[in-house]
Amino acid sequence: MLVFLIAYCLLLLLVGAYASRSVRRAEDFFVAGRNLSPSLVFATFLAANLGAGSTVGAAGFGYTDGLAAWWWVGSAGIGSLLLAFAVGPRLHRVASRLSLYTVGDLLEARYGRTTRLVAAVILLCGAPAILAGQIIAVGLVLRVVAGVPEQWGLVLGGCVATAYFVMGGLRSAAWVNSLQVVVKVAGFAIAVPWMLRAGGGWAGLAAAAPNAQAVPRDATGSAAIAQMVLMLAPAFMVSPGLVQKLFGARDESAVRTGVGLQGAALLGFAFLPVLLGMIARVHFPDLDDPGLALIRLLGEAAPTWLGALMLAAVFSAEISSADAVLFMITTSAARDVIEPLSGGRLRDAALLARTRLSAVVAGLAGILLARWFRSILSALGFFYSLLTITLFVPLLAGLYWRRPGQATALAAMGFSLAAAGLALLVPDALGGWLGPVPAGIAASAAVFVARGLLRSRIDAPGGSPGG
């Protein structure tokens, strides 16, 4: 299997190198020349969203929670559909008109440079966690299935994703992602019916599973799902890595078609890793670490040919999400922090060089952090929560509401983090029913609503970039 995996890595690098030949300017690297077709938008979004959390993590979730774990990836599908039809076309229109590369560009156009820098710092504090989550999964897969020491698995996964991304940015990633999507979807689509039959069919699955219903009947389970949807769906609407991929679409129709079809695909795919996690419970009912459910299943219960295919599928999932996170980190670092601190707009070649250097540094940081986080879902949950709490309300309000300015956006970010921290550290302070993410969103929204009601003059006048 290791030889097969090495050959697959070389193929990914060759595809990335081929696509990178047309990268001549920073615009090609950041937004693929704003020329991605609906099919490439579909592929690069789906590849980014089918990562460690939606494969290895979702299977572990299915092992412990049964079919209700569908909501982990299903929430991403819901957020993607809202992005495709409610928010994405307007975002693309603004980005094209103002030649924006990053979410930081949008925040500065709407609120001011300070808002851009604050958002970038928050993002760069949280984003390495999600990169580490993808690399953790690569290390687990290679250790259990191919016998590679975990530390070397972390290095291999991080280096492959970094290498093809550094070559061509979004353009290389989009083409490599197309190959990865075919491999991962084929692997999971073939594995589920095969392993379901080997596990005794649906009857055997339902008997072993702790829950065979997608919607729990008890109030506690329903509340947990509501919290999950509130954390994840908004994150997939405002994630800088996804929004910046959207900026690369050739027109608004490509956004609606590509992102919309990807959202629908996520809703269907969400069942596959969950079912594999439930099947793993049939074969291994007493796993100490549910996070190993999928890996143990494909390494010990699947036939060799299926294990090899699934290894490539899972490896593709983690690598493709890793390159999406690298895209988010490096473009934000170069465009939103390094360029402003350099005293003005960098020349195109300098910006491109510094972005590639940032990608190398980010890849190394992700490999090091992968040794720190205890699990994939803990790493991803931290990032998604931080992203939703700080960016969701300011970004959407900036698109649709002209009045609030920079002071309001900064206050909203500050109050959202404070409210989330209070809910996390002192749950009883908010009655014990409001979790960190809902508390953060509510506090941020309250600041914007108060600004609208009071009609204060604390903000400098400015227009919405949405026009």
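Heads up: the structure comes first, above all this text.
Computed from a predicted structure; not experimentally measured.

Peer 1: Any chance you could explain the overall build of the protein chain here in plain terms?
Peer 2: When helices and strands are counted, the protein chain shows 19 helices and zero strands. In the protein chain, buried positions account for 59% of the 467 residues. Within the protein chain, residue pairs in contact and separated by at least 24 positions form 86% of the contacts whose partners lie at least 6 positions apart. For the protein chain, the accessible surface area stands at approximately 17500 Å², while carbon and sulfur atoms represent 66% of it.

Peer 1: What exactly am I supposed to notice about the side chain of Thr 162 here?
Peer 2: For Thr 162, the position within the fold is in helix H8 (residues 150–198). Thr 162 has contacts with Leu 326, Ala 359, Val 360 and Gly 363, leaving out every residue within four places of it along the chain.

Peer 1: Would you take a moment to explain the side chain of Gln 244 for this structure?
Peer 2: Its place among the elements puts Gln 244 in helix H11 (residues 240–247). Within the local environment of Gln 244, its side chain forms a polar contact with the side chain of Thr 331, the two groups lying 2.6 Å apart. Apart from the residues lying within four places of it in its own chain, the contact partners of Gln 244 are Phe 30, Val 31, Tyr 101, Thr 102, Val 103, Leu 170, Phe 327, Met 328 and Thr 331.

Peer 1: Help me out: how do you make sense of a nonpolar patch on the surface in this one?
Peer 2: On the surface, a cluster of nonpolar side chains totalling about 410 Å² of accessible area is made up of Leu 422, Leu 424, Leu 425 and Val 426. Mapped onto the elements, Leu 422 comes out in helix H18 (residues 406–425). Relative accessible area serves as the criterion here: at 37%, Leu 422 is assigned to the partly exposed category.

Peer 1: Got a minute to help me understand H18 in this structure?
Peer 2: In an α-helix, one turn spans 3.6 residues, which is why side chains three or four residues apart end up on the same side. The end-to-end C-alpha distance of H18, which contains 20 residues, comes to 29 Å, matching closely the 28 Å that a straight helix rising 1.5 Å per residue would cover. Those residues of H18 not exposed but buried are Thr 408, Ala 409, Ala 412, Met 413, Ser 416, Ala 419, Ala 420 and Ala 423. Angularly, the buried residues of H18 cover 140° about the axis, an arc narrow enough to put them on a single face. Opposite the packed face of H18, turned more than 90 degrees from it, sit the exposed residues Phe 415 and Leu 425.

Basis of the calculations
Residues numbered from 1 in each chain as written. Predicted model: local features only at pLDDT ≥ 70, side-chain atom pairs only at ≥ 80, totals over all residues. Heavy atoms only, no water. Helix = DSSP H or I, 4+ residues; strand = E, 2+ residues; numbered from the N terminus. Buried < 20%, exposed > 50% of the residue type's maximum accessible area, 1.4 Å probe, protein only. Contact = heavy atoms within 4.5 Å. Areas by Shrake-Rupley, 256 points an atom, 1.4 Å probe, with all protein chains shown as cover. Polar contact = N/O pair within 3.5 Å; in protein donor to acceptor, adjacent residues only side chain to side chain. Patch = residues over 30% accessible without salt bridge, like charges linked within 9 Å, V, L, I, M, F, W, Y side chains within 5 Å. Salt bridge = Lys/Arg side-chain N within 4 Å of Asp/Glu carboxyl O. Expected span 1.5 Å × (residues − 1). Arc of directions from axis to C-beta.

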